Amino acid sequence: MSSASHVSVLVVGAGPAGLVLALTLAKNGVSVRIIEKETQRRAGQRGAGIMSRSIELYNYLGVLPDILAKAKTPPQIRKYKLPGGVEPLSTFHMALPETPTPACPYPNRALLGQESLEAILRSHLEKLGVHVEDGTRLQTFEQHSDHVIAHTIKEDAGEEKEHAITCHWLVGTDGARGVLRKQLGLQFLDTPHEDLHFVTGDVVCKGLDEDYWHSWGEATGNMVMMRPTEHDGVFSLMAGGHPNPATLVSDRAELVKFVRDTTDRDDLEISDIRSLFEYRPNVRMVDKFGEGRVFVAGDAAHVHSATGGQGLNSSVQDSFNLGWKLALVENGFATPSLLSTYSEERLPVIAAMLQRTTVLLNKTVSGGADAWKRGAILKQLGVNCRWSSIVVDERSARGDPDELLANAYGGGGDILRGTTSFFRLFGPTYHTVVFFAADVHSIAELLGALAECPLKTVRAVLVLPQGYPGISAEAVRGIDTVVTDRDGHAYAGYAVERENPVTMVVRPDGIVGGIVLGAAGLRRYFGGVFGDA
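Residues numbered from 1 in each chain as written. Predicted model: local features only at pLDDT ≥ 70, side-chain atom pairs only at ≥ 80, totals over all residues. Heavy atoms only, no water.

Quick word on helix α8 (residues 311-330)
For step 1, the next point in the chain: If you check α8, its first and last C-alpha atoms are 28 Å apart, about what 20 residues at 1.5 Å a residue would give, namely 28 Å.
For step 2, the next point in the chain: In terms of burial, α8 is a largely internal element, 19 of the 20 residues being buried.
For step 3, the next point in the chain: Just beyond α8, the residue with positive phi is Gly332, at close to 85°. (Helix = DSSP H or I, 4+ residues; strand = E, 2+ residues; numbered from the N terminus. Expected span 1.5 Å × (residues − 1). Buried < 20%, exposed > 50% of the residue type's maximum accessible area, 1.4 Å probe, protein only.)

Below you can see the structure in the form of structure tokens.
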């Protein structure tokens with residue numbers, strides 16, 4: 001795919017957002033190229049926190065085993081008394097560990113450096129024949145009614161070679177400083193925090209155990225935090241309070257001095273610096289996620305405070321939301337109007353994310369007993385699209401639009417979140433239609449409606465209630481999988497009563513897009529998704 005001058009989708013930027021988008025498209029059989037301006041892989045942890053919602057998405061993509069094999073469990077934070085820097089002042093979890101349940105098999109976040117995550121995603125892309133084209137940058141693009149021409153420059157043996165790529169769709173995942181958003185003319189309003197300035201990076205440090213996330217000082221003054229990473233002896237460093245942070249980045253001796261002065265620990269030895277850069281929290285967001293045939297996702301669309309670990313996770317969800325829709329359109333199963341729901345669905349979620357991370361930032365830098373406490377909502381399991389024009393819910397009233405938008409991050413027990421142990425049946429290449437019914441004959445009309453959908457775009461699952469005798473999928477024409485809710489978790493998880501059969505439609509991104517009571521509702525949902533394609 002990567003050698004063609006014509007391609008269905010060109011992705012600009014090979015961070016996690018771009019890689020997840022490319023992988024989603026490739027799994028859907030869509031031709032895709034992905035270019036990256038850097039010639040060397042970026043080192044460092046950066047967006048290391050992987051939330052429960054992202055874990056589910058990585059499962060859909062088939063990369064989760066590789067991620068969990070390398071990821072670390074978040075350690076407790078240990079704050080030290082000063083002066084001295086050795087005696088513990090307090091030890092606590094940022095978020096208390098939870099026991100997995102059928103409703104939430106992965107309740108705890110994982111920690112994996114962005115460089116390791118990108119390497120895993122690249123390896124899975126390569127298995128599908130897609131290779132990141134490093135050293136290739138977007139220069140300009142021309143948008144036409146039925147295609148986009150992207151003008152790129154590739155560094156090759158010290159020479160720069162221009163190349164034009166014709167694509168049906170162009171997506172910028174090239175970060176906050178990327179050129180695509182600027183050329184597209186999207187607004188990117190900025191709310192900087194000029195009073196906050198940190199230095200962060202990865203260092204090899206001797207003299208610290210790897211059992212805790214070590215912390216000295218407060219964000220209101222001088223502060224040093226050192227978190228162990230998946231690499232032995234390598235710690236993720238966060239330093240704040242220095243009057244000239246740039247000198248910590250440029251002068252190794254000044255960094256070592258600041259760490260030792262702040263921690264009061266002369267025994268700490270920083271033997272190597274793998275990555276180091278300045279960081280200043282900013283809050284930015286586009287006014288829309290695309291225009292015509294060109295879209296943005298991830299940091300190209302929004303930047304935020306790192307507190308709460310929401311940014312990279314939100315970026316991945318951007319890509320998943322756009323990816324399955326682009327795949328349906330490009331494969332001829334849906335009309336391009338479906339793509340308008342990308343902005344419609346993601347703008348409220350990102351606005352809520354920016355608001356929450358800003359509150360967390362203010363709480364964190366102000367200090368106090370709960371400055372580092374993190375709530376369950378940050379798992380992002382409550383993220384939903386109830387207000388979306390393609391969501392159909394026949395079981396409950398739609399509600400006030402403003403209230404729905406205000407609860408984009410989760411309304412406390414909201415069923416439209418799509419998180420039960422069924423997530424192993426879900427995938428990025430199809431809708432999963434889950435029939436909750438005790439009488440297989442009662443879903444005959446529903447199966448007739450489902451048969452009208454394009455081939456291979458849906459999978460049907462029949463969930464028999466607790467105590468119902470099992471049957472094989474072959475016994476029910478049109479059903480791919482039959483399961484019995486042996487312990488009642490599925491019916492309880494989706495709030496289904498045995499006497500009132502319900503059908504759930506789970507989208508390729510794991511969001512419950514439809515709760516319908518009959519064939520008319522099922523046709524209405526898929527009519528909104530597929531349109532007149």
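Let us keep going from here.
Quick look at the packing of helix α2 (residues 52-61) against α8
For step 1, the next point in the chain: Packing of α2 against α8 brings their axes to within 10 Å, and their N-to-C directions diverge by 40°. By the angle class used here, α2 and α8 are oblique. Of the two possible hands of crossing, α2 and α8 adopt the one that is left-handed. Seen from α2, the contacting residues are Arg53, Ser54, Leu57, Tyr58, Tyr60 and Leu61; seen from α8, they are Leu312, Asn313, Val316, Gln317 and Phe320. (Axes fitted to C-alpha atoms, helices over the stretch in contact; angles between N-to-C directions. Parallel < 35°, antiparallel > 145°, perpendicular 65-115°, else oblique. Left-handed = near helix turned anticlockwise from the far one by under 90°. Contact = heavy atoms within 4.5 Å.)

Some details on the sheet that holds strand β5 (residues 88-92)
For sheets, the rule is that strands pair by backbone hydrogen bonds, running either parallel or antiparallel.
For step 1, the next point in the chain: Within the open sheet, the seven strands sit side by side as β5-β4-β13-β14-β15-β12-β16. Their pairing is mixed. Two strands bound the open sheet, and with one partner strand each, they are β5 and β16 (269-279). In this sheet, neighbouring strand axes are inclined to one another by 20° on average, regardless of whether the strands run parallel or antiparallel.
For step 2, the next point in the chain: Its contacts with the sheet put helix α7 (residues 252-263) on β13 (212-217), β14 (223-228), β15 (234-240) and β16, and the angle it makes with β16 is roughly 100°. (Pairing = 2+ DSSP bridges.)

Looking at the side chain of His214
For step 1, the next point in the chain: With respect to the element layout, His214 can be found in strand β13.
For step 2, the next point in the chain: For His214, a relative accessible area of 0% gives the class buried.
For step 3, the next point in the chain: A polar atom in the side chain of His214 sits 2.7 Å from the side chain of Tyr80.
For step 4, the next point in the chain: Among the polar contacts listed, one links the side chain of His214 to the backbone oxygen of Asp209, at a separation of 2.8 Å.
For step 5, the next point in the chain: Residues contacting His214, with those up to four places away along its chain left out, are Arg78, Tyr80, Leu208, Asp209, Val224, Met225, Met226 and Phe235. (Polar contact = N/O pair within 3.5 Å; in protein donor to acceptor, adjacent residues only side chain to side chain.)

Side note on the packing of helix α1 (residues 16-27) against α8
For step 1, the next point in the chain: Following both chains from N to C, one finds α1 and α8 inclined at 25°, their axes separated by 8 Å at the closest point. Classed by the angle they form, the pair α1 and α8 counts as roughly parallel. Where α1 crosses over α8, the two elements pack in a sense that is right-handed. Of the residues in α8, those touching α1 at Pro16, Ala17, Gly18, Val20, Leu21, Thr24 and Leu25 are Leu312, Ser315, Val316, Ser319, Phe320, Leu322, Gly323, Trp324, Leu326 and Ala327.
For step 2, the next point in the chain: Here the contact of α1 with α8 is built from residues that sort into 12 nonpolar, five polar and no charged. (Nonpolar A, V, L, I, M, F, W, Y, C, P; charged D, E, K, R; others polar.)

Observations concerning the sheet that holds strand β24 (residues 481-484)
For step 1, the next point in the chain: Here we have six strands laid out as an open sheet, ordered β21-β26-β25-β22-β23-β24, and mixed in their pairing. Across the chains shown, the open sheet's two edge strands, defined by having one partner strand only, are β21 (392-393) and β24.
For step 2, the next point in the chain: Pairing between strand β25 (residues 502-506) and strand β26 (residues 512-516): four bridges, direction antiparallel. Across the sheet, Thr503 pairs through a bridge with Val516, a residue of β26.
For step 3, the next point in the chain: Helix-sheet contacts for helix α13 (residues 519-530) involve β21, β22 (431-436), β23 (458-464), β25 and β26, and the interaxial angle to β22 is about 170°.

Topic: the environment of Arg424
For step 1, the next point in the chain: When you line up the elements, Arg424 lands in the loop between α10 (401-406) and β22.
For step 2, the next point in the chain: As for Arg424 and Tyr60, which are separated by 364 residues in sequence, their C-alpha atoms are 7.5 Å apart.
For step 3, the next point in the chain: What Arg424 contacts, discounting residues up to four positions off in sequence, is Asn59, Pro105 and Tyr106.

Some details on α13
For step 1, the next point in the chain: In this model, α13 (12 residues) spans 16 Å end to end at C-alpha, consistent with the 16 Å of a helix rising 1.5 Å per residue.
For step 2, the next point in the chain: The set of residues buried in α13 consists of Ala519, Gly521, Leu522, Tyr525, Phe526, Val529 and Phe530. The arc enclosing the buried residues of α13, seen along the axis, measures out at 165°, which places them on a common side. (Arc of directions from axis to C-beta.)

Considering the packing of aromatic side chains
For step 1, the next point in the chain: Considering all chains together, one arrives at 11 aromatic pairs under this definition.
For step 2, the next point in the chain: Look at Tyr525 and Phe526: their rings are 5.0 Å apart centre to centre, the planes differ by 75°, and that puts the pair in the edge-to-face class.
For step 3, the next point in the chain: Aromatic pair Phe526 and Phe530: ring centres 5.5 Å apart, planes at 10°, arrangement stacked. Of this pair, Phe526 and Phe530 are both found in helix α13, four residues apart, which corresponds to roughly one turn of the helix. (Phe/Tyr/Trp six-rings, centres within 6.5 Å; stacked < 30°, edge-to-face > 60°.)

Some thoughts on the pattern of salt bridges
For step 1, the next point in the chain: Applying the stated criterion to the full structure yields 22 salt bridges.
For step 2, the next point in the chain: With a shortest N-O distance of 3.8 Å, Asp202 and Arg274 are connected by a salt bridge. Taken together, the residues Asp202 in strand β12 (residues 198-206) and Arg274 in strand β16 connect sequence positions 72 residues apart.
For step 3, the next point in the chain: Look at Asp202 and you get buried, because its relative accessible area is 1%. (Salt bridge = Lys/Arg side-chain N within 4 Å of Asp/Glu carboxyl O.)

Description of the confidence of the model for the chain
For step 1, the next point in the chain: This prediction gives the chain a mean pLDDT of 88; 90% of its residues lie at or above 70.
For step 2, the next point in the chain: Here residues 411-420 is a poorly scored stretch, pLDDT under 50, and it has 32 contacts once near neighbours within four places are set aside; other chains count. (pLDDT = per-residue confidence, 0-100.)

A few points about the pairing of β23
For step 1, the next point in the chain: Counted residue by residue, β23 has six buried out of seven residues, so it is predominantly covered.
For step 2, the next point in the chain: Here β22 pairs with β23 via six bridges, running parallel. Paired with Val433 across the strands is Ala460, a residue of β23.
For step 3, the next point in the chain: The handedness of the β22 to β23 crossover, carried by helix α11 (residues 444-450), is right-handed. (Right-handed = clockwise from strand over helix to strand, strands pointing away.)

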